[in-house]
Amino acid sequence: MTAIYCNPVRSVFGAGALSSLPDLTKGRAVALVTFPEAGALGLVSRIEALLGAQLRCVIDKVQPNPDVAELAATYDAFWADHPDVEVIVAVGGGSSIDTAKALTVAAPGERFADLLAGLSGAQAFVPTRSKELIAVPTTAGTGSEVTPWATIWDKARQKKYSLHVNETWPSHAVIDPELMLSLPASVTLQSGLDALSHALEAIWNVNANPVSDTFAVAAVRETMEVLPLLMRKLDDIDLRSRMALAALKAGMAFSNTKTALAHSISYEMTLRFGLPHGIACSFPLPMVLARAVGRDPARDRVLAQALGEPLVGASQRLAEFIEGLGVATSFADYGVDEHEAERMVADAQGGVRGRNFIGA
Ligand SMILES: NC(=O)c1ccc[n+]([C@@H]2O[C@H](COP(=O)([O-])OP(=O)(O)OC[C@H]3O[C@@H](n4cnc5c(N)ncnc54)[C@H](O)[C@@H]3O)[C@@H](O)[C@H]2O)c1
Ligand SMILES: [Fe+2]
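Heads up: these notes are all about the structure in this document.

Conventions we followed
- Residues numbered from 1 in each chain as written.
- Chains lettered and ligands numbered in written order.
- Predicted model: local features only at pLDDT ≥ 70, side-chain atom pairs only at ≥ 80, totals over all residues.
- Heavy atoms only, no water.
- Phe/Tyr/Trp six-rings, centres within 6.5 Å; stacked < 30°, edge-to-face > 60°.
- Helix = DSSP H or I, 4+ residues; strand = E, 2+ residues; numbered from the N terminus.
- Buried < 20%, exposed > 50% of the residue type's maximum accessible area, 1.4 Å probe, protein only.
- 1 Å grid on protein atoms, 1.4 Å probe; cavity = no way out; pocket = protein on both sides within 12 Å on 5 of 7 lines; lining within 4 Å.
- Points joined across faces, edges and corners; volume = space filled by probe spheres on them.
- Nonpolar A, V, L, I, M, F, W, Y, C, P; charged D, E, K, R; others polar.
- Axes fitted to C-alpha atoms, helices over the stretch in contact; angles between N-to-C directions.
- Parallel < 35°, antiparallel > 145°, perpendicular 65-115°, else oblique.
- Left-handed = near helix turned anticlockwise from the far one by under 90°.
- Contact = heavy atoms within 4.5 Å.

## Brief notes about the packing of aromatic side chains
To describe a pair of aromatic rings, one takes the distance between the centres and the angle between the planes.
Inference 1: A full pass over the atoms with the stated rule returns 9 aromatic pairs.
Inference 2: For the ring pair Y75 and W79, a centre distance of 6.5 Å and an interplane angle of 40° mean the geometry is tilted. Taken together, the positions of Y75 and W79, both in helix α3 (residues 68–81) and 4 residues apart, correspond to about one turn of that helix.
Inference 3: W79 sits in the buried class, given a relative accessible area of 3%.
Inference 4: With 5.6 Å between their ring centres and 35° between their planes, W149 and F254 make a pair best called tilted.

## Focus on the layout of surface pockets
Inference 1: Of the volumes computed, that of the largest pocket is approximately 930 Å³.
Inference 2: Lining the largest pocket are 43 residues, with N65, G93, G94, S95 and T142 positioned closest to its centre.
Inference 3: Among the elements of the structure, α4 (94–104), β8 (150–154), β9 (159–163), α6 (185–203), α9 (261–273) and α10 (277–280) are those that each provide at least two residues to the lining of the largest pocket.
Inference 4: At 5 residues, α6 tops the list of elements feeding residues into the lining of the largest pocket.
Inference 5: Taken as a whole, the second largest pocket holds about 340 Å³ of empty space.
Inference 6: K160, S264, Y267, G351 and V352 are, among the 13 residues lining the second largest pocket, the residues nearest its centre.
Inference 7: Of all elements in the fold, only β9, α9 and α14 (338–350) reach the threshold of two or more residues within the lining of the second largest pocket.
Inference 8: Tallying contributions element by element places α9 first for the lining of the second largest pocket, with 4 residues.
Inference 9: Partitioning the lining of the second largest pocket into residue classes produces 5 nonpolar, 3 polar and 5 charged.

## What to know about α4
Inference 1: Most of α4 sits inside the fold, with 11 of its 11 residues counted as buried.
Inference 2: The complete set of buried residues in α4 reads G94, S95, S96, I97, D98, T99, A100, K101, A102, L103 and T104.

## Quick notes on the packing of helix α7 (residues 210–232) against helix α8 (residues 237–257)
Inference 1: At a closest axis distance of 8 Å, the pairing of α7 and α8 adopts a crossing angle of 150°. On the basis of their axis angle, the class for α7 and α8 is roughly antiparallel. Relative to α8, the crossing made by α7 is left-handed. Each of S212, F215, A216, A218, A219, E222, T223, E225, V226, L227, L229 and L230 in α7 lies in contact with α8, whose residues at this interface are L239, R240, R242, M243, A246, K249, A250, M252, A253 and T257.
Inference 2: Of the residues in the contact of α7 with α8, the class split is 14 nonpolar, 3 polar and 5 charged.

Shown next, in the form of structure tokens:
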């Protein structure tokens, strides 16, 4: 059987990588999309100093989980006021990078309402124009810097959309672990567990291939080794760097497979209970692992490489690992009773991402 692996993003990795922005943007007009704390952290002024007059606009109000309610005004103003901008530089976690992905592509009439119509399936979304996107993650988890997907939330309608067109692949990912030193413990943990979820979901996945497996196995092993150490030493640049690399590998893995059942379950948990993404997509991992083991000998071999032999008991060991980091792993812990949990898992299995699960 032949397999195709493709990831078109050029990755620049290492402490100090942020300084490559002038080279990558090559004198072109830039918009910066970032999170509210970036100003106080000195990040905005560093980027102003690096880009000088190239920097035409700063959007720094990105809240966690970009929602259509806030995105609409930002999108319409951006496309109306900054026709000169050629490159969007997203500096932040998945929320900033996904917001930037939405801003990158023009809908007909350059109105967010048209983009949303495409996302909600009323009509296929085809961008009329696009900007180049450079993604600079400041969390180690989402992998959004090396994937084409943007998760857009609609809390009012209890929906989650996935924006995905060719133009939403970043041209470059600039992964600078120094930018992660300011991450609080809570976000370090959530994003680290998101990376673990991406890596495991890339393995129990109908789209897995030998190349995605290579990235996924390394990402599972390294995340499980590094994350507990990092939680005890948040200011250690070597541990930040190792976690950033593990998250990048997890991103490379699921950039080709997409996610699966744990992520499919997570969307309802985030929309209904406000669970942060990294918790919502990692607490069900032991349960999904128990359903994955024994489905397919080839997948079992890769799971054993990632999690160690024997696979019997691996679900329990994974639960102990996640709980050891302070995250409860059963639905009941989140106020969801057994009957409701069964309904949720069944719905999630029928969802777009759930159908990627080998046990679906
Ligand atoms: N596109 C994808 O492939 C993909 C994959 C997984 C998750 N996601 C999405 O990403 C979002 C979650 O992203 P996330 O976990 O990276 O968190 P986030 O971007 O939501 O940020 C979480 C919090 O951390 C703050 N923060 C970020 N970087 C910081 C830093 N260096 N120092 C101090 N504070 C910082 C933010 O302001 C925010 O308050 C969710 O909306 C999720 O759906 C997307
Ligand atoms: Fe995720």
